[in-house]
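Below, each chain spelled out in residue letters.
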Amino acid sequence: MTDAIRVSSPITGTDKEMSFEAGRLAQLANGAVLARLGGTMILATVTAARSVREGMDFFPLTVDIEERAYAAGKIPGAFFRREGKLSDQAILICRLIDRPLRPSFPKGFRNEVQVVGTVFSADQENPHDILAINAASAALMISGIPFDGPIGAVRMAYTTGGEWVPHPTYVEGDEASFELVVAGRALNDSVESDVAIMMVEAGGTEGSFERYAQGAPKVTEEVLAAGLEASKLWIREAINLQRELVREFVAARGPLPPFPFTPVVDYGDDVFARVEAVGRARLAEANTLVAKAERNAALDAATAQITEELAGEFEGRTGEIKAAVKALTKQLVRRRIVDEGVRMDGRGVTDIRPLSAEVDLFPMTHGSALFQRGETQVVNVSTLAMPRMRQLVDTITPDEYRRYMHHYNFPPYSTGETGRVGAPKRREIGHGMLAERALVPVLPSEEEFPYTLRVVSDVMQSNGSTSMASVCGSTLSLMAAGVPIKAPVAGIAMGLVYDGGEYVTLTDILGSEDAFGDMDFKVAGSADAVTALQLDTKIDGLPADVLARALHQAKDARLRILDVITSAIAEPRPEVSEMAPKIVTMEIPVDKIGEVIGPKGKVINTLQQETGADITVDDNGVVGTVTIGAKDGRAVEEARRRIALILDPPTAEVGAVYEGRVVSIAKFGAFVNLLPGRDGLLHISKMAPLNGGRRIGQVEDVLELGQALEVKVDDIDPQGKVSLSLVGDFPEVEEGRRPEGRRDGGRDGGRDGGRDGGRDGGRDGGRDGGRGRGRPSSFEDAFEAELAGEIGDLGPGGPVLSEGEGEGRRRSRPRRR
């Protein structure tokens, strides 16, 4: 085994160190780097195909993250106990890696490249996503694959004190108001080189608006711009560490072998010149049509005409002609924007398409809304459920569950096409998580609003930024459902065209403007704070003044959209929908949890059956929480009343008669529930009336669980334990017949007859006559003497259990529901 090459560097402003190691693991891959931050370690490998697949008209880059459960000392919770499909978190990390890497490969490079990150160690403190971006870039740098890197990345947290902290732990991120992930590359080889921002993924944290209300500084456009500028320090450190790795690797192993490839040219210069001469006017005219369908139809017709005219001149080069038409269309669109300030649909650069919003579309849903911006249309539906419906998360991170879930669907009919319908693709998962991130900061806390929340965005039509339309629709549907969000949130997609040295920022971009432009910039937030941000650029660097102008232009658009949203529904409804469950929570002492649940869940199950409410009990080790939910508010109140009586039960009175029910059976008697939360013991020696005055062999011979009994309170001891006796007239039981209420007559008839006739007459007589010297004269005396020897003094008027029996036994091993 060869020696590993290892480099490391401290991270400014922290006590942490980042390290890269190469040359020991996965040496058959083109490049492999083991990266470490704290106790978190990930191996990034890159491999590339030696040839281009026939007909490949795009760059086939794939990124996969393998989160091994053993990295966190876990065994997967799935049925087969092994890792399966990628988690949503892993898919987001794949997208974070792909976005800055993809534009860093040379134009015309079409060889398939695969990046695989395998998490070997997860210390539950340092996230592995940023480490994965840096490791993937480092692996590419030593692979010989053509790559315009290195790419550096950092995560920063904005604290409640107004500071940006680099590489925060999970806990530090949760306690912060905002988290920012930034990736970029150096503009030259200097160690102090400026950094070009390539990718940003950011969002507020859960409870950030509550922190704002307590005085924490809000994340505004100015704060974000400052954070992006500050990130360059740590991005530069990651880049310099990768460069050091390359130097050490080359020194130890020799120069990197060049990766042979032939750039794929989509069209020749001669083809483009003829396409421009023949079709420029036609394509320019087609691009002035406002409606997407009409514009696409006109462009298709123009492309067909140009192709037909030039097919004879460029025989066998039809694909080049079509590619040249697309390139010319892009050029025309960009020049019109820069020169005239006019876009494809005739709008100015800051204009927003027509907006509309409405709520309450579907009668049986908890909250529904429709949001439309131009030809982009999204239906949003919110659903409220009990806390137990939250999603359990089986990952290698400290997260255990998700209380709020946002799911995004993009069916093929939304673009007027046919296609596969089924499991969500990575793009759909990414868009859903972006919309979720935008709403999380304004959601009420679980203590304030103990519901599990799910929002589904179904795209009906698409022509530009359906993810931001999903954010707007989510605000509408959540307020319609009665969720008390802290503030309405809206989102807008921005674009940028850089041509001839001029930067032009576009508000509310179309799908084609996204493809033809140089930046995709999505911003979501309330009227006075940003809640989510996503940025991808295709150019080297974004000047600070251009970024600041884009952020403020986005805020102006966001405020206009918020006006439309609040005109449809001004604020969250005061009550949840009548179709949604009504939920209340109660805090109870931990030592009362067993009483609420009961033995084997008997008490809580009875409460649910009799009231119709759904009841769950949980605890954090300090206090227990009972959550009660039902569509009928009266059922919730009745369940709450009964649980309150269990916690503070009414007191039974000596001499009073109660209609009770058998709730537990022991060998020495039966526990009878008299009042909510108050049980008493009917000793076996007092059950003779149930058996015609004869002694009882087993309690089960005369009583069964749930059986109703009329009993009298004989005594209550100082510890509150209640002794009972039977009340009422009981019929004589004929010899050989079982008492009424017995469950197994045939068996009991024989057994009781044998016991009463044979054992009472023979065995007892024999004992009394021979071995019975000194024995108590009656069965009751004998049984009480036996119990007293086992469990102590049974008290006056009948046995009363000592501490540790009865209620203590009943609530042993409580089961959380």
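Refer to the structure presented above.
Predicted, not measured: the structure shown is a model, and the values here were computed from it.

Reading the values: rules and limits
Residues numbered from 1 in each chain as written. Predicted model: local features only at pLDDT ≥ 70, side-chain atom pairs only at ≥ 80, totals over all residues. Heavy atoms only, no water. Helix = DSSP H or I, 4+ residues; strand = E, 2+ residues; numbered from the N terminus. Buried < 20%, exposed > 50% of the residue type's maximum accessible area, 1.4 Å probe, protein only. Expected span 1.5 Å × (residues − 1). Patch = residues over 30% accessible without salt bridge, like charges linked within 9 Å, V, L, I, M, F, W, Y side chains within 5 Å. Areas by Shrake-Rupley, 256 points an atom, 1.4 Å probe, with all protein chains shown as cover. Salt bridge = Lys/Arg side-chain N within 4 Å of Asp/Glu carboxyl O. Lys, Arg positive; Asp, Glu negative; His and termini not counted. Charge placed at Lys NZ, Arg CZ, Asp CG, Glu CD. Phe/Tyr/Trp six-rings, centres within 6.5 Å; stacked < 30°, edge-to-face > 60°. Lys NZ or Arg CZ within 6 Å of the ring centre and 35° of its normal. Contact = heavy atoms within 4.5 Å. Pairing = 2+ DSSP bridges. Axes fitted to C-alpha atoms, helices over the stretch in contact; angles between N-to-C directions.

Student: Looking at this structure, how should I read the overall build of the protein?
Tutor: Within the protein, the secondary structure is distributed over 18 helices and 29 strands. Among the 817 residues that make up the protein, the fraction classed as buried is 52%.

Student: Even after reading the chapter, I still don't get helix α2 (residues 129-141), so can you show me in this structure?
Tutor: Helical periodicity: at 3.6 residues per turn, an α-helix aligns residues three or four positions apart in one direction. With 13 residues, α2 extends 19 Å between its outermost C-alpha atoms, agreeing within 8% with the 18 Å of an ideal straight helix rising 1.5 Å per residue. For α2, a buried count of 13 out of 13 residues is recorded, marking the element as mostly surrounded by other parts of the structure.

Student: What should I look at first to understand a positive patch on the surface in this one?
Tutor: A surface patch of like charges, here positive, comprises K107, K326, K330 and K538. Tracing the backbone shows K538 in the loop between β21 (530-537) and α12 (544-568).

Student: Even after reading the chapter, I still don't get the packing of aromatic side chains, so can you show me in this structure?
Tutor: A ring pair, where both rings are aromatic, is described by two values, the distance of the centres and the angle of the planes. Under the defined criterion, the tally for this structure stands at 12 aromatic pairs. Three or more aromatic residues joined by ring pairs form one cluster here, namely F59, F105, F109, F147, F259 and F261. Between the NZ or CZ atom of R390 and the centre of the ring of Y401, over which it lies, the distance is 3.7 Å. R427 extends its terminal NZ or CZ atom over the ring of F410, reaching a point 4.4 Å from the ring centre.

Student: Could you clarify how one ought to interpret the side chain of K232 in this entry?
Tutor: Structurally, K232 can be placed in helix α5 (residues 221-253). The residues contacting K232, other than those within four sequence positions of it, are D194, V195 and I197.

Student: Got a minute to help me understand the sheet that holds strand β2 (residues 17-22) in this structure?
Tutor: Backbone hydrogen bonds hold the strands of a sheet together, and the pairing may be parallel or antiparallel. Strand order in the open sheet formed by 6 strands is β1-β2-β3-β4-β6-β5, with mixed pairing between adjacent strands. In this open sheet, the two edge strands, each paired with only one partner strand, are β1 (5-10) and β5 (61-67). Looking at each pair of strands side by side, their axes are set apart by 15 degrees on average, direction ignored. Examined bridge by bridge, β2 and strand β3 (residues 31-37) share 5 bridges and lie antiparallel to one another. Each bridged residue has a counterpart across the sheet, and for M18 the counterpart in β3 is L37. Running over the sheet, α5 touches β1, β2 and β3 and is turned about 155 degrees from β1.

Student: Please clarify how the sheet that holds strand β11 (residues 355-359) should be interpreted in this entry.
Tutor: Spatially, the 5 strands line up as an open sheet ordered β11-β12-β13-β17-β16, and their pairing is mixed. With one partner strand each, in any of the chains shown, β11 and β16 (404-409) form the two edges of the open sheet. Strand-to-strand, the axes of this sheet are offset by a mean angle of 15 degrees, without reference to chain direction. Alignment of strand β13 (residues 376-385) against strand β17 (residues 452-461), held across 9 bridges, turns out to be antiparallel. Bridging from a neighbouring strand, L384 pairs with L453 of β17. Across the sheet, helix α10 (residues 466-480) lies against β11, β12 (367-373), β13, β16 and β17, angled at about 145 degrees from β12, the strand it touches most.

Student: Would you mind going over a nonpolar patch on the surface with me for this structure?
Tutor: Taken together, the side chains of L25, Y70 and F120 present a nonpolar region at the surface, about 260 Å² in accessible area. Tracing the sequence through the fold places L25 in the loop between β2 and β3.

Student: I would appreciate a short explanation of the pairing of β1 in the present structure.
Tutor: On a regular strand, each side chain points to the face opposite its neighbour's, so the side chains alternate between the two faces of the sheet. Pairing geometry for β1 and β2, over 6 bridges, is antiparallel. By the bridge assignment, R6 is partnered in β2 with E21. Where β1 folds back onto β2 in an antiparallel hairpin, the turn is made up of 6 residues, including G13, whose phi is positive at roughly 85 degrees.

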